[in-house]
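# Coordinates in review
Below, each chain spelled out in residue letters.
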Amino acid sequence: MYTCCPAGESANFHRSRAISAFITREITPQTGHVIELGPGTGVFTTKMIERGVRPQHLTLVEYSQEFVERLKGRFPGARVLSMDAARLQDLKFPPETSVGAVVSGLPLLTMPVGKVMEILEGPFRHLRPGGAFYQFTYMSKCPVPQSVLDHLDLNATQVDRTFRNLPPAAVAVCAQSGLKPITIESGPSNGSTRVATKPASRIQAWQSPPV
Ligand SMILES: C[S@@+](CC[C@H](N)C(=O)[O-])C[C@H]1O[C@@H](n2cnc3c(N)ncnc32)[C@H](O)[C@@H]1O
């Protein structure tokens, strides 16, 4: 029998929704401008717009030309750039732009350390003091190597960890050491997205669970 929503696709859809709610949960219109790295089809982008971020306050950095065309069609108000996220230091913003967050769906753990260094270094030239870099991961270890954090004088905290997704997912928040992260208004976790969260939204430092 034909079904318009096969079980696998439905599960993927719900998982994508849960992950997008999870990684963007600290993003609000007060965050200011947001740079998204590796938006793909725009799952996180959609969630940020649902959270009240204006498309004009989004810069989407995507490597794949195919995704770039789709993103331009889906989010006509956003700035969509076809480029390597490792070249972000070359990017220009109008002087009044206050970049409050970078949201990344890039597969950092599959990349060489030098590339991860470039990907992290660029955004921190644009982020305002207290701005943060949000990186999604399925792995238990921090997705940003300690050598990169040390070199750029950043610290990584773990927002939370979902347990209803298989495999479990986590978000690392990288910020400049010694700077208090931007004040965030975060609502209660939304049962409809099936994101299981711990009550404390920030753990003080990235801690991998015991194996
Ligand atoms: C795992 S997908 C995530 C897509 C999206 N966030 C989601 O959850 O559906 C990673 C995306 O990053 C893009 N990407 C990979 N390396 C990149 C790079 N160096 N610069 C920009 N985009 C990159 C890929 O083309 C892909 O769209």
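One structure accompanies this document, and this report is about it. (Residues numbered from 1 in each chain as written. Predicted model: local features only at pLDDT ≥ 70, side-chain atom pairs only at ≥ 80, totals over all residues. Heavy atoms only, no water.)

So, on to the pattern of salt bridges. Counted according to the given criterion, the structure contains 3 salt bridges. For K47, the salt bridge identified is with E50, shortest N-O distance 3.1 Å. Of this pair, K47 and E50 both sit in helix 2 (residues 43-50), separated by 3 residues, roughly a single helical turn. Given the relative accessible area of 9%, K47 is considered buried. K115 is paired through a salt bridge with D84; the nearest N and O atoms lie 2.7 Å apart. Remark: D84 occurs in the loop between strand 3 (79-82) and strand 4 (99-104) and K115 occurs in helix 4 (residues 113-126); sequence separation between them is 31 residues. On the basis of relative accessible area, K115 is assigned to the partly exposed category, the value being 26%. (Salt bridge = Lys/Arg side-chain N within 4 Å of Asp/Glu carboxyl O. Helix = DSSP H or I, 4+ residues; strand = E, 2+ residues; numbered from the N terminus. Buried < 20%, exposed > 50% of the residue type's maximum accessible area, 1.4 Å probe, protein only.)

Once that is clear, we can look at the packing of aromatic side chains. Counted under the stated rule, the structure contains 2 aromatic pairs. Here F44 and F136 contribute two aromatic rings whose centre-to-centre distance is 6.4 Å and whose plane-to-plane angle is 65°, an arrangement assigned as edge-to-face. You can see F44 sitting in helix 2 and its partner F136 sitting in strand 5 (residues 127-137), a full 92 residues away along the chain. Taken individually, F44 and F136 each receive the classification buried, so the pair is uniform in this respect. An aromatic cluster of at least three residues, connected via ring pairs, comprises F44, F136 and Y138. (Phe/Tyr/Trp six-rings, centres within 6.5 Å; stacked < 30°, edge-to-face > 60°.)

Near the ligand, the surroundings consist of 16 residues, among which G38, E62, Y63, D84 and A85 are the closest. Within the backbone of G38, one N or O atom sits 3.3 Å away from a nitrogen atom of the ligand. One of the backbone N or O atoms of A85 is found 2.9 Å from a nitrogen atom in the ligand. For the ligand, whose accessible area on its own is 600 Å², the fraction buried by protein is 73%. Broken down by secondary-structure element, the contributors of at least two residues to the shell around the ligand are helix 2 and strand 2 (58-62). (Near = heavy atom within 4 Å. Polar contact = N/O pair within 3.5 Å; in protein donor to acceptor, adjacent residues only side chain to side chain. Areas by Shrake-Rupley, 256 points an atom, 1.4 Å probe, with all protein chains shown as cover.)

Attention now moves to helix 2. Among all positions in helix 2, only F44, T45, K47 and M48 are buried. In an axial view of helix 2, the angular spread of the buried residues amounts to 165°, which keeps them on one side of the axis. (Arc of directions from axis to C-beta.)

Taken together, the side chains of L109, Y138 and M139 make up a nonpolar region of the molecular surface, amounting to roughly 260 Å² of accessible area. Along the chain, the position of Y138 falls in the loop between strand 5 and helix 5 (146-152). (Patch = residues over 30% accessible without salt bridge, like charges linked within 9 Å, V, L, I, M, F, W, Y side chains within 5 Å.)

Located in the positive-phi region is D153, a residue other than glycine, with phi close to 55°. When you line up the elements, D153 lands in the loop between helix 5 and strand 6 (154-162). The partly exposed category is assigned to D153, whose relative accessible area is 47%.

Here we come to the layout of surface pockets. Considering only enclosed or pocket space, the largest pocket measures out at about 460 Å³ in volume. Residue lining of the largest pocket: 21 residues in total, with I19, F44, G105, F136 and Y138 positioned closest to the centre. Per-element tally for the lining of the largest pocket: the top contributor is strand 5, with 3 residues. The residue makeup of the lining of the largest pocket, split by class, is 12 nonpolar, 8 polar and 1 charged. (1 Å grid on protein atoms, 1.4 Å probe; cavity = no way out; pocket = protein on both sides within 12 Å on 5 of 7 lines; lining within 4 Å. Points joined across faces, edges and corners; volume = space filled by probe spheres on them. Nonpolar A, V, L, I, M, F, W, Y, C, P; charged D, E, K, R; others polar.)

Attention now moves to the nonpolar core. Within the largest apolar cluster, 29 residues are counted, with the highest numbers of intra-cluster contacts made by L37, I119, L120 and V144. Put simply, the parts of the chain that give this core at least two residues each are strand 1 (33-37), strand 4, helix 4, strand 5, helix 5 and strand 6. The greatest single-element share of this core, amounting to 5 residues, is contributed by helix 4. In contact with V144, not counting residues within four places along its chain, are L108, V116, L120, L149 and C174. (Core = buried A, V, L, I, M, F, W, Y, C linked by side-chain atoms within 4.5 Å. Contact = heavy atoms within 4.5 Å.)

Note: disulfide means a covalent bond formed between the sulfur atoms of two cysteine side chains. Under the counting rule described, the total for this entry stands at 0 disulfides. With no disulfide of its own, C142 lies 5.7 Å from the sulfur of C174, the closest cysteine sulfur. According to the relative accessible area criterion, C174 is buried, its value standing at 0%. (Disulfide = S-S within 2.5 Å.)

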